Amino acid sequence: MFFGFLIPSITELIYKYEQLFIKNQLKICLPLVEVIIKSIEKRFEKILSDQFLTIAAISHPYFKTVWIKNQVKKDLAISDFKNTVLDMFNANRNESTTDKPVVDNSEDEAEDSSFFSWSNVTIDKLQETSTISVENEVCQYLNRSPTKKLTSLNEYPNVKKVFIKHNTPLPSSGPIERVFSVSNAILTKRRGKMEDKTFEKAIFLKYNSSIM
């Protein structure tokens with residue numbers, strides 16, 4: 001189960017209830033359906049408008065943007081998704097350039113720049129070309145039919161990185177529950193006056209020592 005399933009599932013649930021309400025298939029329970037729809041929208045209002053979860057859903061090849069019924073919201077979500085992919089691309093490019101050794105080619109550039117026309121290509125133009133290539137990747141990804149096969153992300157390396165970042169939460173509450181177990185062993189009756197910072201440091205040291 002991935003994070004990207006959350007908003008599409010809630011949206012589809014609301015849509016199915018709305019269809020029951022619109023088609024007027026229920027006569028006695030129709031007011032109940034209306035209350036359920038409003039309750040779901042109120043309960044998950046922040047989740048439905050969360051940008052991180054929206055990008056998680058779009059980056060999943062099974063959902064993309066097919067779950068967004070409103071065209072205005074769809075255009076806004078696509079714009080946010082493109083910016084996220086572009087930011088991911090720029091961040092990875094900056095990391096790769098910082099790892100490379102710096103070579104001083106100032107003399108060679110001075111000799112070539114006065115004659116060859118392509119030496120006048122600026123960094124801005126190179127960045128513009130990179131931006132276009134990333135946007136093309138996003139467009140190709142979105143235009144392709146949804147599929148359950150995650151291997152399709154291998155064709156879109158930048159989208160795949162966004163998918164990994166937004167769709168990999170902790171699979172279970174096991175690690176959190178283990179932290180609570182450790183805290184019960186530390187905060188005993190004799191340590192009832194322990195300060196919050198000391199307690200936090202003790203849990204950190206105890207839990208990491210048990211893992212190692």
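What you are looking at is a predicted structure, and each value in this text was computed from that prediction instead of being measured.

1. Some thoughts on the packing of aromatic side chains
- Evaluation of the coordinates by the stated rule reveals six aromatic pairs.
- A centroid spacing of 6.0 Å and a plane angle of 35° characterise the contact between Phe-81 and Tyr-141, whose relative ring orientation is tilted. Here Phe-81 is found in helix α5 (residues 71–99), whereas its partner Tyr-141 is found in helix α7 (residues 123–143), with 60 residues between them in sequence. When sorted by exposure, Phe-81 lands in the same class as Tyr-141, which is buried.
- Pairwise contacts between aromatic rings join Phe-5, Tyr-62 and Phe-63 into one cluster.
- Lying over the aromatic face of Phe-44, Arg-43 brings its terminal NZ or CZ to 5.0 Å of the ring centre.
- It is Lys-64 that lies over the ring of Tyr-141; its NZ or CZ is 4.6 Å from the centre.

2. Topic: the pattern of salt bridges
- Across all of its chains, the model carries four salt bridges by this definition.
- Here Lys-16 ties to Glu-12 by a salt bridge, and the two come within 3.6 Å at their closest N and O atoms. Linking Lys-16 with Glu-12, this pair stays in helix α1 (residues 6–23), spanning four residues, or about one helical turn.
- Connected through salt bridges with shared partners, the residues Glu-12, Lys-16 and Lys-69 form a single ionic network.

3. Details of the confidence of the model for the protein
- Within the protein, residue pLDDT values average 81, and 80% of them lie at 70 or more.
- The element-level mean pLDDT for the protein is lowest in helix α6 (residues 106–112), coming to 52, with helix α4 (residues 51–58) highest at 94.

4. Examining the side chain of Lys-74
- One can find Lys-74 in helix α5.
- Of the side chains with opposite charge, Asp-75 comes closest to the buried, unpaired Lys-74, at an N-O distance of 7.4 Å.
- If we ignore the near neighbours within four places in the chain, the residues touching Lys-74 are Thr-65 and Ile-68.

5. Section: the nonpolar core
- Core analysis: the biggest nonpolar cluster contains 24 residues, and Trp-67, Phe-81, Val-85, Tyr-141, Leu-142 and Val-159 have the highest contact counts within it.
- Elements supplying a minimum of two residues to this core: α4, α5, α7 and α8 (157–166).
- Sequence-distant contacts of Phe-81, that is, excluding residues within four places in its chain, are made with Ile-55, Ile-58, Ser-59, Val-138, Tyr-141, Leu-142, Val-159 and Val-162.
- Residues Ile-10, Ile-14, Ile-37 and Ile-40 belong to the second largest nonpolar core, which totals five residues.

6. A word on the side chain of Ser-152
- Its place among the elements puts Ser-152 in the loop between α7 and α8.
- Side-chain polar atoms of Ser-152 contact the backbone oxygen of Lys-149, separated by 2.8 Å.
- In contact with Ser-152, other than residues within four places in its own chain, are Pro-61, Arg-144 and Thr-147.

What counts, and at which threshold
- Residue indices begin from 1 for each chain and proceed along its sequence in written order.
- Reporting in this predicted model follows two pLDDT cut-offs: at least 70 for local features of residues, and 80 or more for side-chain atom pairs to be given and counted; totals over whole chains, interfaces and linings ignore these cut-offs and use all residues.
- Heavy atoms from the whole structure form the basis of all side-chain values; hydrogens and water molecules are not counted.
- Put simply, two rings from Phe, Tyr or Trp (the six-membered ring, in Trp's case) pair if the centres are within 6.5 Å, and we call them stacked under 30 degrees between planes, edge-to-face over 60, tilted for the rest.
- Segments assigned H or I by DSSP are reported as helices when at least four residues long, segments assigned E as strands when at least two residues long, and all are numbered from the N terminus.
- Three exposure classes are used, based on accessible area relative to the maximum for each residue type with a 1.4 Å probe and protein chains only: buried under 20%, partly exposed in between, and exposed over 50%.
- By definition, being over a ring means that NZ of Lys or CZ of Arg is both within 6 Å of the ring centre and within 35 degrees of the ring normal.
- When a carboxyl oxygen of Asp or Glu lies within 4 Å of a side-chain nitrogen of Lys or Arg, that pair is called a salt bridge.
- As a per-residue measure, pLDDT tells how confident the predictor is, with possible values from 0 to 100.
- Charged residues are defined narrowly, with Lys and Arg counted positive, Asp and Glu counted negative, and His plus the chain ends left uncounted.
- What makes two residues a contact is simply this: any of their non-hydrogen atoms within 4.5 Å.
- By nonpolar core we mean a set of buried residues, namely Ala, Val, Leu, Ile, Met, Phe, Trp, Tyr and Cys, connected to one another through side-chain atoms within 4.5 Å.
- In protein, a polar contact means a hydrogen-donor-capable atom and an acceptor-capable atom, both N or O and within 3.5 Å, with residues adjacent in sequence counting only if both atoms are side-chain atoms; elsewhere, any N or O pair within 3.5 Å suffices.

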